[in-house]
Amino acid sequence: MIPSHVTLVEVGPRDGLQNEQQPVAAAVKIELVHRLQAAGLREIEVTSYVSPKWVPQMADNAEVMAGLKRRPGVRYSVLTPNLKGFEAAIANAAILPDEIVVFGAASEAFSQRNINCSVEESIERFRPVVEAAHAHAIKVRCAVSVALGCPYQGEVTPDEVERVVRLMKGIGVDHCGIADTIGVGTPKRVQAAMARALKHFPVAEVSGHFHDTYGQAIANIYACLELGIHTFDASVAGLGGCPYAKGATGNVGTEDVLFMLNGLGIETGIDIERLVDAAEYISNVIGRKPVSRTGNALLAKRANARAVA
Ligand code: HMG
Ligand code: MG
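Residue numbers run consecutively from 1 along every chain, following the written order of its sequence. Lettering of chains starts at A and numbering of ligands starts at 1, both following the order in which they are written. Under the rules for a predicted model, residues below a pLDDT of 70 receive no local features and side-chain atom pairs below 80 are neither given nor counted, while totals for whole chains, interfaces and linings still include all residues. Hydrogens and water are ignored here; the side-chain numbers use all heavy atoms of the structure.

Caption draft 1: Local environment of the sheet that holds strand β4 (residues 99-105). Read around the barrel, eight strands follow the order β1-β2-β3-β4-β5-β6-β7-β8 and close on themselves; strand pairing throughout is parallel. For this sheet, the mean inter-axis angle between neighbouring strands, taken without regard to orientation, is 25°. Relative to strand β8 (residues 231-234), strand β1 (residues 7-10) is paired through four bridges, and the arrangement is parallel. Looking at the pairing, L8 lines up with F232 of β8. Throughout, a residue-residue contact means that at least one pair of heavy atoms, one from each residue, lies within 4.5 Å. Lines fitted to the C-alpha atoms define the axes, with helices restricted to the stretch that makes contact. Angles between their N-to-C directions range from 0 to 180 degrees. Helix and strand definitions follow DSSP, with helices as H or I runs of at least four residues and strands as E runs of at least two, each counted in order from the N terminus. Its contacts with the sheet put helix α8 (residues 187-198) on β6 (175-180) and β7 (206-210), and the angle it makes with β7 is roughly 145°. In this analysis, strands are considered paired if DSSP registers two or more bridges between them.

Here is the structure:
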């Protein structure tokens, strides 16, 4: 049955901005998070504690976390690929995340390019991170990247997805995100991959992370709703891409997902006009129009209304 409530995890500040060629100031990232929480987003992926040599755009992680005016009821998450990243993420009480994300891959080739180790090695790196997070009462999400296709390997099978899902479950990860990093999934294939995650995690702890490279993300989210899945990552203005997945576009735009969910009568707690304010804000800063169709449509509608007035 289609769920009556959906949680959108806003990943624009992290997945969106990690790929920007021009530097985006920490103050802008902080303001973006504030606008997103004002719009009603209750889960926000803020930044990542990764090597600044690999992803310089996230080097201001601690500054961004320290600058947040936290809103009660909002959960802030960060990516931590290893213990070094986790220790930096909990370095002081003012920057403590509510949740961390470890990110592995369904293909060996992508694991090597993204985190510089094999799939098995990545799981062994994550194991102490999960233990340390739980010792601090911090929830752990995992992302299983390239679950629908890999830029280096090509096709990825549901068996390969399930192998990593099982390994993640084995080290005690609480929540399993299935990621179509390069946006090549189509609805039936997505359902097949998701079904493997649902064998190991309850539906409330499975989420979808769809990049929209081939325009399939909305259809894929609908396919997940049909399985009862009710948590999805999305990126304001459709920002983003992955530095290790050339040609991949941003995540599905949060505005586009919300427009569909509103049309289906599904509760999210998010105000679309305030969300568009956030999309307009970050788009103006980076000097590009939103990629999200709904963001553009609502901004054009506002411009028309102003012209008529
Ligand atoms: P490595 O080079 O294999 O690690 O990197 P190392 O342990 O050999 O250390 C090498 C250097 O990195 C050392 O510094 C370490 O201190 C430093 P040096 O002595 O050379 O000066 N280092 C770190 N610095 C800061 N924070 C850390 C850290 N760890 C080591 N946590 C590592 C391994 C994973 C760190 C590296 O490969 C890396 O940072 N990769 C970037 C991965 C990344 O951020 N990718 C994009 C996010 S994932 C994504 O977008 C996919 C997702 O959206 C889902 C989807 O769409 O698929 C989640
Ligand atoms: Mg991603």
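Caption draft 2: View of the coordination of the magnesium ion (ligand 2). Taken together, D15 (OD), H209 (NE2) and H211 (NE2) make up the protein donors of the magnesium ion (ligand 2), found 2.1 to 2.3 Å from the metal. Ligating atoms shown are N, O and S within 2.8 Å of the metal, or 3.2 Å for Na, K and Ca, and water is not included, meaning a site may look less than complete. Spacing between the donor residues of the magnesium ion (ligand 2) along the chain follows D-x193-H-x1-H. The exposure classification of H209 matches that of H211, with both residues buried. Any residue under 20% of the maximum accessible area for its type is buried, any over 50% is exposed, and the rest in between are partly exposed; the area is computed with a 1.4 Å probe on protein chains only.

Caption draft 3: The arrangement of the site of ligand 1 in detail. Put simply, a residue is near a molecule or strand once any heavy atom of it comes within 4 Å of that molecule or strand. What surrounds ligand 1 is a group of 28 residues, the closest being R14, N82, N116, S145 and T181. For ligand 1, an oxygen atom lies 2.9 Å from a polar atom in the backbone of S51. Within the contact set of ligand 1, an oxygen atom lies 2.5 Å away from a side-chain nitrogen or oxygen of T181. For ligand 1, whose accessible area on its own is 1100 Å², the fraction buried by protein is 75%. Mapping ligand 1 onto the cavity grids shows that it belongs to the largest pocket. When contributions to the shell around ligand 1 are tallied by element, the ones reaching two or more residues are α1 (12-16), α4 (83-89), α5 (108-115) and β5 (139-145). Classifying every residue of the shell around ligand 1 by side-chain character gives 13 nonpolar, ten polar and five charged. We define a polar contact as two N or O atoms separated by no more than 3.5 Å, with the added condition that, inside protein, one atom must be a possible hydrogen donor and the other a possible acceptor, whereas residues neighbouring each other in sequence contribute only through side-chain atom pairs. We get accessible surface area from the Shrake-Rupley algorithm with a probe of 1.4 Å; when it comes to residues, only the shown protein chains can shield them. Put plainly, a pocket is an open set of points on a 1 Å grid over the protein atoms alone with protein on both sides within 12 Å along at least five of seven lines, a cavity is a set where a 1.4 Å probe fits but cannot get out, and a lining residue has an atom within 4 Å of a point. A pocket or cavity is taken to hold a molecule when more than half of that molecule's atoms are within 2 Å of the pocket's grid points. All residues other than Ala, Val, Leu, Ile, Met, Phe, Trp, Tyr, Cys, Pro, Asp, Glu, Lys and Arg, Gly among them, are scored as polar; the first ten of these are nonpolar and the last four charged.

Everything listed here is a matter of geometry and, on its own, says nothing about what the molecule does.
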